[in-house]
Amino acid sequence: MEDCHGHEHPLEILDTRVQWADLQTHLQKVLMTDSKCRKTSFASKAPGSVGFLSQVVLIDLNWFPPIPKLPKRVVLKVPISKAHEGLPEDVPTPPEKMEPLLKALFEAERAFYEFYRVHEHTETSLPPIPHFYYAARFEGNHEYLVFECLQNTHSFHVWDNFNEKQIDQMLHAIAQTQAFGYLNNSSSQPGLNLRLLDVLYDECFPREMAELLRKMPAYFGQELEPLVEKALASSDGFYDLRVEERICASLGISQSLVHGDVWSTNILWDADDHDKLRAVLDWQMTRHGCPATDLIRFLNTCMSGAHRRQNWERYLNKFHDYLCVEMRGLPLPYTEAQLVDSYKQMYAMETLLYMPPLNPIVASANLEVAPELAKKRKETVAEKVRCMLEDIIHFAPFAPRSTKNNSE
């Protein structure tokens, strides 16, 4: 039909390089339909759709002939590189590093969703994610992922603090993720064994990450400067991109399936009930690593530093109880004592990897808000940053000491 997309109409979807005809063909295949997308189907950029590593586009589909089961809206995710505009605090990644970085992250996310799709009908409990439709392979600048568009959702940011119900649900979701990996042998899944930390951070610390870290006091408060220098000095002994492997080996436990980036903006809640978890997004840093990795990033970012310090052991206990349930009576992959040890050993390294970019992230989000609100947000995050810096120093003695070159 002339009013439907076809290969004779190779129109790109916004500025994504993805063509309508290709998207239609791929969706027809996975949805097992001959219906086509009318040209009245349209694309729009999602709010906050362009990040450092991807662009997200909402696709409204007008199918002909119409079939009720076909999705009316999907999410298109395209890997791109874009710095935070107008922010001198940002440290650009050299262009020659971007394609291997984007490819590694894209392939990790694609591998996770493919693994999930194979096992989603098993009896094991599943981590909450949007329904996955399709992933094009990373080639020819036409790679993309297509997901279900979850309607009526809400997300928080790093200046928000979760309540106990929200924390509890996320501890359960992280336990579900690990149990899902252990019970279905995720370590055998191609693409989930990439050394993502090597790709993400090799040779960038202490250069880029240290540069960002040293710029934090100018934004969050000069009183942080001595803590930054102490944290950097501590990192000389423990900065090691193979630390997750080494911790698991030293504790005698198997590496777990980790999300790799569990923080506020990657968690969706119901818009009408903020205590109802809907989905965990952005699995592009999924890998096998230390079982404490996701817990550290989540606890660091989704509550105040003071609350985390008072409750982290209690939360690890609750998490381990959930893991026990999700393992369905099978032997546990590690004890609670081993989890606590892995938290202590992993804390400094994991926090150093995540914390420095908070400066440009918060500064970018505050560009178009009222000064009073921006000040309040910055103060909230500054408290978290101060506690993270102090705890990097506190937990540094527990971290394994590195004696090898990170790139080995």
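The protein chain is annotated in an unreviewed UniProt entry as CHK kinase-like domain-containing protein of Mesorhabditis spiculigera.

Undergrad: An account of the sheet that holds strand S11 (residues 277-280) is requested, with residue identities and associated values reported.
TA: Read across the open sheet, the three strands follow the order S8-S10-S11; overall the sheet is antiparallel. Each of the sheet's edge strands pairs with one partner strand only, and the pair in question is strand S8 (153-154) and S11. By the bridge criterion, two bridges tie S8 to strand S10 (residues 267-270) in an arrangement that is antiparallel. When the sheet's bridge partners are listed, His-154 is paired in S10 with Trp-269.

Undergrad: How would you sum up the side chain of Thr-16? Please name residues and give values.
TA: Mapping Thr-16 onto the fold places it in the segment before helix H1 (20-31). A polar contact of 2.7 Å, which involves the side chain of Thr-16, links it to the backbone oxygen of Ile-13. Contact partners of Thr-16, with chain neighbours within four places excluded, come to Gln-55, Val-57, Leu-76 and Val-78.

Undergrad: Pulling in residues and values, what's your account of the pattern of salt bridges?
TA: Here the structure, examined in full by the defined rule, presents 23 salt bridges. A salt bridge links Arg-242 to Asp-198, with the shortest nitrogen-to-oxygen separation between them at 2.5 Å. Note that Arg-242 is positioned in the loop between helix H6 (225-238) and helix H7 (243-251) and Asp-198 in helix H4 (residues 196-201), a separation of 44 residues in sequence. With respect to class, Arg-242 is no different from Asp-198; both count as buried. Among the salt bridges present, the one from Glu-244 reaches Arg-287, with a minimum N-O distance of 3.0 Å. Here the residue Glu-244 occupies a position in helix H7, and Arg-287 occupies one in strand S12 (residues 287-289), the gap between them amounting to 43 residues. Accessibility assignment for this pair places Glu-244 and Arg-287 in one class, buried. The network of salt bridges with common partners includes Arg-308, Arg-309, Arg-386, Glu-390 and Asp-391.

Undergrad: Outline the environment of Ala-271, supporting the account with residue identities and numerical values.
TA: With respect to the element layout, Ala-271 can be found in the loop between S10 and S11. In the structure, Ala-271 is positioned 119 residues away from Asn-152 in sequence and 5.2 Å away in space, judged by C-alpha atoms. Beyond its immediate chain neighbours, meaning those up to four positions away, Ala-271 contacts Asn-152, Thr-153 and His-154.

Undergrad: Go over the packing of aromatic side chains with me, naming the residues and quoting the values.
TA: In this structure the tally under the stated criterion is 20 aromatic pairs. An angle of 85° between the planes, with centres 5.9 Å apart, marks the rings of Tyr-343 and Phe-395 as edge-to-face. One end of the pair, Tyr-343, is in helix H10 (residues 336-354); the other, Phe-395, is in helix H12 (residues 371-395), with 52 residues separating them in the sequence. The same class applies to Tyr-343 and to Phe-395, which are both buried. Grouped by ring-pair contacts, the aromatic residues Phe-112, Tyr-113, Phe-115, Tyr-116, Phe-132, Phe-147, Phe-180 and Trp-283 constitute a single cluster. Of note, Lys-378 hangs over the ring of Tyr-219, and the distance from its end group to the ring centre comes to 4.6 Å.

The rules behind these values
Residues numbered from 1 in each chain as written. Predicted model: local features only at pLDDT ≥ 70, side-chain atom pairs only at ≥ 80, totals over all residues. Heavy atoms only, no water. Pairing = 2+ DSSP bridges. Helix = DSSP H or I, 4+ residues; strand = E, 2+ residues; numbered from the N terminus. Polar contact = N/O pair within 3.5 Å; in protein donor to acceptor, adjacent residues only side chain to side chain. Contact = heavy atoms within 4.5 Å. Salt bridge = Lys/Arg side-chain N within 4 Å of Asp/Glu carboxyl O. Buried < 20%, exposed > 50% of the residue type's maximum accessible area, 1.4 Å probe, protein only. Phe/Tyr/Trp six-rings, centres within 6.5 Å; stacked < 30°, edge-to-face > 60°. Lys NZ or Arg CZ within 6 Å of the ring centre and 35° of its normal.

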